[in-house]
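# Summary of structural features
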Amino acid sequence: MAAGTISRIRLENFMCHSSLQIDLGDHVNFITGQNGSGKSAILTALCVAFGCRAKTTQRAASLKDFIKTGCSYAAITVDIKNQGEDAFKPELYGNLIILERRINESSSSTVLKDQHGRKVAHRKDDLIEIIEHFNIDVENPCVIMSQDKSREFLHSGNDKDKFKFFFKATLLQHVNDLLGEIRARLNDADALVEELEKSIRPALKELDEIREKIKNMEHIEEITHEIENLKKKLAWAWVYDVDKQIVEQTAKLKKLKDRIPACQERIDRNAAIIEELKKEYIEKKENVRSFVEKAQEARRMKEQLEHEVNEAVKLKIELEKEHTRGTQVLKKMNDRVKQLQSQVQDFQLQHMQETQAEASQVEDNMWKLQQEIDSAHLHVARLKQSEKDLSEELRGIIKSFDEIEKEINEHNRRIYHLNSQIDNLQRRQMDKMVAFGGDRVRNLMESIERHRSRFQSPPIGPIGINVQLASDYWSVAVDYAVGRLLDAFIVSCHKDSLILRECAKQVNYRNLQIIIYDFSKPRLDIPNHLLPSTAHPTVLSVIHSDNPTVLNVLVDQGHAERLVLVRDYEEGKAVAFDQRIRNLKDVYTSDGYRMFSRGSVQTILPPHRKGRAGRLCTSLDERIAEMEEEATGIKQISKEMTDRGKKLVHDRKNIDEKLKSLKRKREEEERDLERKKVLLDDTRKISAENNYDTAVDTTELQAEMMQVKGDIENKELVLEKIYLKLTEASEEEKKRRASYKNFIDSAYVDVGSISDVEHELQSVEAKLHEAQQEKDHYEHLMKTKVLDLIKMAESEFTDLQQLRQEYFKKASIICPESEVEALGGVAGSTKEELSARINKLKHRFQQESRRYTETIDELRALLDSKEGKILKKQQMYAGFREKLNSCQKALDLRWTKFQRNAGLLKRQLTWLFNEHLGKKGFSGKINVDYNKQVLSVELTMPQDASHDSVRDTRGLSGGERSFSTLCFTLALHGMIEAPFRAMDEFDVFMDAVSRKISLDTLVDFAVAQGSQWIFITPHDISMVKPGDRIKKQQMAAPRG
């Protein structure tokens, strides 16, 4: 149930009750009883408990009249539920608020307690706060309708009584009374203020008369004052004249002294620049020394590599010569074998012809053995040649595999480099600053932001983020041309450079390039005759920046206006070396080649392999796509080469197996050959022993032939080894030549770096000399032209100050300087003009003073006194009037809102009235006239065929009149909000039928409406339908 409903009422010594306790349900409650049983006393007790006055209840003249006869006090206790979201201070009162009103003969008191009976509050304001929170208005007839109010409003046929009921129930009566009371008070206040305003009019008239008299007498006094003022001005005019001269001399002196800071600033600035340049010179010189040492080391390495290459070539040549000599010797030995074989055959043929037939068989066997040996020799030679061919093929496969592995490694390095560049470009897409220093520059920018207040002017940098290209085509060339400046920062003074260096040190940013430059300088205007005389663009022409200081630094430090850009290598050579263009420093091709001529020396430097060029490019997506496409192509090539390598490994394995098989077969053939040689030797020995006397001795020839063949075999083995050494020497020569070439390429890049460093050293040395000359120039200027003029001006300034002191002393005796300043000063008047005006006014004063004899001081004192009093009253009355006007406007606004709300309530009443009538088929209308203060009801009966409205409810039957009155009451109930409502003897003038209809309607409305209802009646309520939301209670009969 909603908060604010009544759960229990306890009465003690109140009216006719000595002790009474009524427990109420959350919804509909019926209290019945005979007349005189004290039913109405319950509602009266509720009104009194919630602060209602005794007269308002129409049951007593004062509160003490409610005390039961013979008792000294009366007490009313009301338990108010305090649950749900509308609870009032639940943390203080809990779920129940106990309201206790105690009445004595002389006083009454109210106490508020929590759910445990502990006292919480006792002031009337606390009770009012609860009443306003729950919207409990016991004086509203729709909240508590007593017997008297029921007879006064509901059962009266007077339209004015109905209007009063409506006006009071909707609280319009209360608001109307408040607005009327406020309007009356405002009218009284307005009349009072008007009387006060009229009261000061005679005094104002008197003031006007006094002012007229003073005005007539002020003329002479004005002349006197003017003469005195002119004398004061004349005295100070002499002072101001000298002051003017002093100001002029001061300006002159200041102008001369202003040259000192300017000259000193130039001297200091150049001293700081000299200091920085000296440090940079030492650093550059150290770099040059380091590069020279590296160059010497490179020279030594070059000589060593050249020596190694020469040694390899020499070894190769010697091996080639030795192989050639061996080949020739082998050829001679083979020729000798053939010659010996021919001699042996000749001797054998001759011997066969001379010897007997029985020896021919031995000779045939020996010849066959010799043929088999020769055949075996050839077979072994073929096997050796096949083995040699397979070895050559194996070496070729190994060489190809090494080359493929080298290319795959090179491709992997290229892919890694491309992925690094892609990652770098993607980071640049998210943050352009990363391209000019990486994460270090991001940390540096955060450090600069933290120390921003220490800088005289915020640093500019890195320069690269302040530069845009007209076309991405030149991004690589511009990066190689001024790339070292793109990472630099610009500051306005030496102090800022030290602070920036400190910030860089904090974030571990070493070797930060800092350039000191004047931020106030406008953009440099370079004449055309100082630019390169060529149609090709310069670096300065293809870059853009919103900051002129950035462009000035690129011109002063990077010579951007003298760096020419060309499209390709050949065109660059033509521009750099053939055309002899004036004001040309360097030429850069679109792919990064640098070309320059210094005297008769022409230099071309290739782009650095590890340089990060193209950092100013904006079309990063295209470059990323190109790199990804290139990486994909290289990966595909690597995959193909990996497949080729796998095939070569497979081929190598097969050749190794073939080689091993040939080697085994060759070794078997060689053993078989040796066996046959031994057999042949044995046969020859036996034949020799048998035919020693008769046979021809060819032993020596055979031995020589065998010796030569053995030498041939050994020589072939030696030649094979020489060939292998020659092959290895050739490979070694190629490797050393490749190492030499790689070294030369890297050394060439280093030579380019040395050239850059030497050029930077020369540039620093030139700047150092220039800064020293500028410093000497300003020191000479300070000494000869500034200080001497200042001494002369200071002497003249001292003389003028002494003269001013004399004039000032005389003028101060006449009057203070502040008086002259208050008079407007002496600007626009000379000493002569002031003297002439004084003489003229003296003559006029003498003439005018004869006409008046009265004094003006008393009249002025009287005027000041009266004006002060009247002004105070006028301000006070004006304040009253302003507040009254504000109150009147607020009242008019509230009255307008009140009339609008009254009209809305009238329409709402008719709608609700019709809604309740419609339940029985009736229709009607309620007319409310706020001017005449009447409320009339019109009804249309369903059985009336003419549909004419009944304007006078007295023309209705009793039941119809009771039902229409009930509908009117329920319509008013639907327009107000209250946690509980009570009605006493609402059915007193109804017959049984009307009472049943009214009770059913009331109960249905109460149950649907949801608030707590208390109905008090002396009649039988058995016809009321029972329900879980309906509670009936019977009061005890009155005692006789």
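Keep in mind the model is a prediction, meaning the values are calculated, not measured.

Our next topic: the overall build of the protein. Within the protein one finds 22 helices and 21 strands. Each of the 1040 residues in the protein was classed as buried or not, and the buried ones make up 39%. Long-range pairs, those at least 24 residues apart, make up 75% of the contacts in the protein between residues at least 6 apart in sequence. With an accessible surface of roughly 60,200 Å², the protein has 50% of that area assigned to carbon and sulfur atoms.

Taken as a whole and assessed by the stated rule, the structure comprises 23 salt bridges. One salt bridge in this structure joins E129 and K89, with 3.6 Å as the shortest N-O distance. In this pair, E129 is assigned in helix α4 (residues 124-134) and K89 in the loop between β4 (74-81) and α3 (90-93), connecting sequence segments 40 residues apart. The exposure class of E129 is partly exposed, given its relative accessible area of 34%. K89 sits in the partly exposed class, given a relative accessible area of 33%. The partner of E100 in a salt bridge is K113, with the nearest N and O atoms 3.4 Å apart. Here E100 is found in strand β5 (residues 96-103), whereas its partner K113 is found in strand β6 (residues 108-113), with 13 residues between them in sequence. Its relative accessible area of 22% is what places E100 among the partly exposed residues. Each of R8, R10, D23 and D79 takes part in a single network of salt bridges with overlapping partners.

Most of strand β3 (residues 28-32) sits inside the fold, with 5 of its 5 residues counted as buried. The side-chain alternation of β3 yields two buried faces, one formed by V28, F30 and T32 and the other by N29 and I31. Of the strand pairs in this sheet, β3 and strand β20 (residues 1012-1017) are connected by 5 bridges, and their pairing is parallel. Bridging from a neighbouring strand, V28 pairs with W1013 of β20. In terms of strand pairing, β3 meets strand β21 (residues 1030-1034) through 5 bridges, oriented parallel. Bridge pairing in β21 links T32 to Q1034.

Where helix α6 (residues 159-169) meets helix α7 (residues 172-199), the closest approach of the two axes is 5 Å, and the angle between their N-to-C directions is 80°. By the angle between their axes, α6 is roughly perpendicular relative to α7. Along the contact surface, α6 presents F166, F167 and K168, while α7 presents L172, Q173 and N176.

Let us look at a negative patch on the surface. Together, D402, E403, E405 and E407 make up a negatively charged patch on the protein surface. Within the fold, D402 resides in helix α9 (residues 360-430).

Quick look at the sheet that holds strand β15 (residues 594-598) now. Spatial strand order, β13-β14-β15-β16: 4 strands in an open sheet with mixed pairing. The sheet is open, and its two borders are formed by β13 (563-566) and β16 (601-605), each paired with just one other strand. Neighbouring strand axes in the sheet, compared pairwise and without regard to direction, differ in orientation by 20° on average. Bridge analysis of β13 against strand β14 (residues 586-589) gives 4 bridges, and the strand direction is parallel. Each bridged residue has a counterpart across the sheet, and for V566 the counterpart in β14 is T589. The sheet strands contacting helix α15 (residues 569-578) are β13, β14, β15 and β16, and the helix crosses β15 at an angle near 20°.

So, about helix α11 (residues 475-486). In a regular helix each residue adds 1.5 Å, so 12 residues correspond to 16 Å; α11 covers only 12 Å between its end C-alpha atoms and thus falls short of that length. Turning to α11, its buried residues number three or more, namely S475, A477, V478, D479, A481, V482, G483, L485 and L486.

Counting through the fold element by element, R452 comes out in the loop between α10 (439-450) and β9 (468-469). In this structure R452 comes out as partly exposed when scored by relative accessible area, which is 42%. As for R452 and I499, which are separated by 47 residues in sequence, their C-alpha atoms are 9.9 Å apart.

Turning our attention to the packing of aromatic side chains. Taken as a whole and judged by the stated rule, the model has 7 aromatic pairs. Seen from their ring centres, Y473 and W474 are 4.9 Å apart, and the 85° between their planes marks the pair as edge-to-face. Since its relative accessible area comes to 37%, Y473 is described here as partly exposed. The exposure class of W474 is buried, given its relative accessible area of 9%. Chaining the aromatic ring pairs together yields one cluster made of F30, W1013 and F1015.

What follows concerns the packing of α10 against helix α12 (residues 494-506). α12 packs onto α10 with a crossing angle of 130° between their chain directions and a minimal axis gap of 9 Å. As the angle between them shows, α10 and α12 are arranged oblique. Between α10 and α12 lies a crossing whose hand is right-handed. Seen from α10, the contacting residues are L444, S447, I448 and R450; seen from α12, they are L500, C503, A504 and Q506. Its residues placed into classes, the contact of α10 with α12 shows 5 nonpolar, 2 polar and 1 charged.

Next up on the list: the pairing of β15. Relative to β15, β14 runs antiparallel, the two being bridged by 2 bridges. Directly across from Y588, in β15, lies its bridge partner R594. Counting the residues that bridge the hairpin from β14 to β15 gives 4 residues, and of these G592 lies at a positive phi of roughly 105°. The pairing of β15 with β16 spans 5 bridges and is classified as antiparallel. Residue pairing in the sheet places F596 in a bridge with T603 of β16. Between β15 and the antiparallel strand that follows it, β16, lie 2 residues; G599 among them carries a positive phi value of about 75°.

This part takes up the side chain of D496. Take D496: it is sitting in helix α12. Here D496 occupies a buried position and makes no salt bridge, while the nearest side chain of opposite charge, K495, is found at 6.2 Å. Side chain to side chain, D496 and S492 meet in a polar contact 3.3 Å long. Sequence-distant contacts of D496, that is, excluding residues within four places in its chain, are made with R454, F455, Q456, S457 and V491.

As a further point, take the nonpolar core. In globular proteins that are soluble, nonpolar side chains generally tend to be buried together. Among the nonpolar cores identified, the biggest contains 97 residues, and F50 and F166 are the most heavily contacted of them. Broken down by element, this core gets its largest block of residues, 9 residues, from helix α20 (residues 857-917). Apart from residues lying up to four places away in sequence, F50 is in contact with I6, I80, L99, L127, I131, I136, V138 and F980.

Turning next to the environment of I870. Topologically, I870 is positioned in helix α20. For the pair I870 and L207, spaced 663 residues apart in sequence, the C-alpha to C-alpha distance is 9.5 Å. Among all residues touching I870, those that are not within four sequence positions of it are A203, L204 and L207.

The pLDDT averaged across the protein works out to 79; a share of 87% of its residues lies at or above 70. Note that pLDDT drops below 50 for residues 692-696; the model gives that stretch 4 contacts with residues more than four away or on any other chain.

Attention now goes to unusual backbone geometry. Cis geometry marks the peptide bond from G461 to P462; its omega dihedral reads -10°. Along the chain, P462 falls in the loop between α10 and β9. Here H559, not a glycine, exhibits a phi torsion of approximately 55°, which is positive. Even without glycine at this site, N583 takes up a positive phi of about 60°. Inspection of the secondary structure puts N583 in the loop between α15 and β14.

Conventions adopted
- Residues numbered from 1 in each chain as written.
- Predicted model: local features only at pLDDT ≥ 70, side-chain atom pairs only at ≥ 80, totals over all residues.
- Heavy atoms only, no water.
- Helix = DSSP H or I, 4+ residues; strand = E, 2+ residues; numbered from the N terminus.
- Buried < 20%, exposed > 50% of the residue type's maximum accessible area, 1.4 Å probe, protein only.
- Contact = heavy atoms within 4.5 Å.
- Areas by Shrake-Rupley, 256 points an atom, 1.4 Å probe, with all protein chains shown as cover.
- Salt bridge = Lys/Arg side-chain N within 4 Å of Asp/Glu carboxyl O.
- Pairing = 2+ DSSP bridges.
- Axes fitted to C-alpha atoms, helices over the stretch in contact; angles between N-to-C directions.
- Parallel < 35°, antiparallel > 145°, perpendicular 65-115°, else oblique.
- Patch = residues over 30% accessible without salt bridge, like charges linked within 9 Å, V, L, I, M, F, W, Y side chains within 5 Å.
- Lys, Arg positive; Asp, Glu negative; His and termini not counted.
- Charge placed at Lys NZ, Arg CZ, Asp CG, Glu CD.
- Expected span 1.5 Å × (residues − 1).
- Phe/Tyr/Trp six-rings, centres within 6.5 Å; stacked < 30°, edge-to-face > 60°.
- Left-handed = near helix turned anticlockwise from the far one by under 90°.
- Nonpolar A, V, L, I, M, F, W, Y, C, P; charged D, E, K, R; others polar.
- Polar contact = N/O pair within 3.5 Å; in protein donor to acceptor, adjacent residues only side chain to side chain.
- Core = buried A, V, L, I, M, F, W, Y, C linked by side-chain atoms within 4.5 Å.
- pLDDT = per-residue confidence, 0-100.

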